[in-house]
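Coordinate analysis (summary)
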Amino acid sequence: MRQTETPLTYSDPAPKRYALTARASQLDPRARPHPEIGFVFEKDGKPADTQHAAVDTRVAPLGRLVIWLMGYSAPLFDRLTSYGLHAIQVHYANGWFGQFGDKGPKGDTTFNGRIRLEAATGEDVSEAVSIPKPDSIMERALQFVRWLAKENPQGGWEYFLTADQKTLRWERVILSGASHGSTTAARLAKHQRVARVVMLCGPRDQLETWQSLKSATPANRYFGFSHVLDGGWTGNHYPRSWEMLGLEKFGPIVNVDKAKAPYGGTRRLITDAEVQGDANRAHSSVTPGGNAVKDASGKFIHEDVWRYLFTHPLD
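The following refers to the structure shown. None of the values given here were measured: they were computed from a predicted structure.

Brief notes about the pattern of salt bridges
- Per the counting criterion, the structure on display carries 14 salt bridges.
- Two residues, Arg30 and Glu139, come together in a salt bridge whose shortest N-O distance is 2.7 Å. Placement of the pair is Arg30 in the loop between helix 1 (24-27) and strand 2 (42-43) and Glu139 in helix 5 (residues 137-151), with a sequence separation of 109 residues.
- By relative accessible area, which is 8% here, Glu139 ends up buried.
- Note that Glu303 and Arg79 form a salt bridge whose closest N and O atoms lie 2.9 Å from each other. Of this pair, Glu303 sits in helix 10 (residues 303-311) while Arg79 sits in helix 2 (residues 74-83); the two residues are 224 residues apart in sequence, bridging distant segments of the chain.
- With relative accessibility at 28%, the residue Glu303 sits in the partly exposed group.
- In this structure Arg79 comes out as buried when scored by relative accessible area, which is 17%.
- Among the charged side chains, a network of salt bridges with common partners joins Glu5, Arg64 and Arg172.

Below is the structure:
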C-alpha cells in the first residue's frame, strides 16, 4: 500500500516570488576549489560559485525541488516556480569535460560515468579526479537547502530536508540539466532514487554503457527533449542513451511540433522547430532562454513541453 505523502503548505503573510543567491564557499567552510579541473570559486576576479534558488509562494506548491545542473537560467526558473516547483542551481565540478572526456582507457565503458558519479556524490569511484563530499552535487545541494530553510522560511524549504537535516528528501527531488548537465543528472539518478529526471539535449557519453546499469530511479521517471538538428541527436547519442535507459517502454518518439500535450505520455520528445540550420542553436533551443524558438507574437513555442516534462503525472 502506497504511503500518502504529507503535502507542503506555505505560511507566508505576504506571498510573493523569492529569488535568492549564495556562494557555495561561504555556506560550507569545508568547500574547496579544484583548479586542476577548472572547479574554482573565482574567475577573472569575479565569484564563480554563486548558486541560485527560487520559489513562488503565490502558487500552490507541488512539493518537488528541482536541482538544475547547468548555468543559471532565469527563464527556466521563472517557469519552474510558476508550476509550483522549488528550484536551485548548484555549483559543482563540471570543468573536467575538456580534460578527460575522451581519454578513458581503451575498453573502459564507464570512465566518464565514474567521474560524473564522483562529482555528484563525493564518493571515491574515479581514479581520474578527486572530489570530496563537501564539493559534490549532493552535499552542495544539502548545504544550500539548509541555508534556504533558515534564510527563507516562508518558502517551506525544510520540506526537502529530513527531520535531522542530515540529508535531502531525495524522493522529493527532480534532477535536471542540459547537455553535460543532463548526462550527470541521469548518472546520479541511476545511483540515487529521485522523483523525476528531466534531460534537455542529452544524455551524452556515447561511448559508455552506464546508461544501461540497474537504476535506483524507475525508468518511467526519466524524460528527454532534443532538437533533431542537435549534433547529439544526429550522431545518435541521445536516442541511444534513451533506449539504454529503457524509455522506449513508455511510448514512441514524439515530435512536439506535430502533437499536443500530453504527447501520449511518452518520455521521448523531439522538435524540428526552425533554427536556421544552426546545430549549436538547436542544442540550446530546448531550454528556455535566448535560443529557444518563439512564434510570431514573440512567445516561446514550447511552453507546454516544459510544463509536461516537469509536471506530467508519472502513473
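Next, the rest of the story.
Details of the environment of Gly298
- Its place among the elements puts Gly298 in the loop between helix 9 (279-284) and helix 10.
- For Gly298, a relative accessible area of 40% gives the class partly exposed.
- The spacing of Gly298 and Thr183 is 115 residues in sequence and 31 Å in space, taken between C-alpha atoms.

Notes on the sheet that holds strand 4 (residues 50-56)
- If you walk across this open sheet you meet the nine strands as 1-4-6-5-7-8-9-11-10, and the pairing is mixed. The sheet terminates laterally at strand 1 (17-23) and strand 10 (254-255), the two strands that pair on one side only.
- Helix 2 contacts strand 1, strand 4, strand 5 (65-69) and strand 6 (86-89) of the sheet and is inclined by roughly 35° relative to strand 4.
- Across the sheet, helix 5 lies against strand 1, strand 4, strand 5 and strand 6, angled at about 125° from strand 1, the strand it touches most.

Cut-offs applied
Residues numbered from 1 in each chain as written. Predicted model: local features only at pLDDT ≥ 70, side-chain atom pairs only at ≥ 80, totals over all residues. Heavy atoms only, no water. Salt bridge = Lys/Arg side-chain N within 4 Å of Asp/Glu carboxyl O. Helix = DSSP H or I, 4+ residues; strand = E, 2+ residues; numbered from the N terminus. Buried < 20%, exposed > 50% of the residue type's maximum accessible area, 1.4 Å probe, protein only. Pairing = 2+ DSSP bridges. Contact = heavy atoms within 4.5 Å. Axes fitted to C-alpha atoms, helices over the stretch in contact; angles between N-to-C directions.

Note that all results are geometric; they support no functional claim without further evidence.
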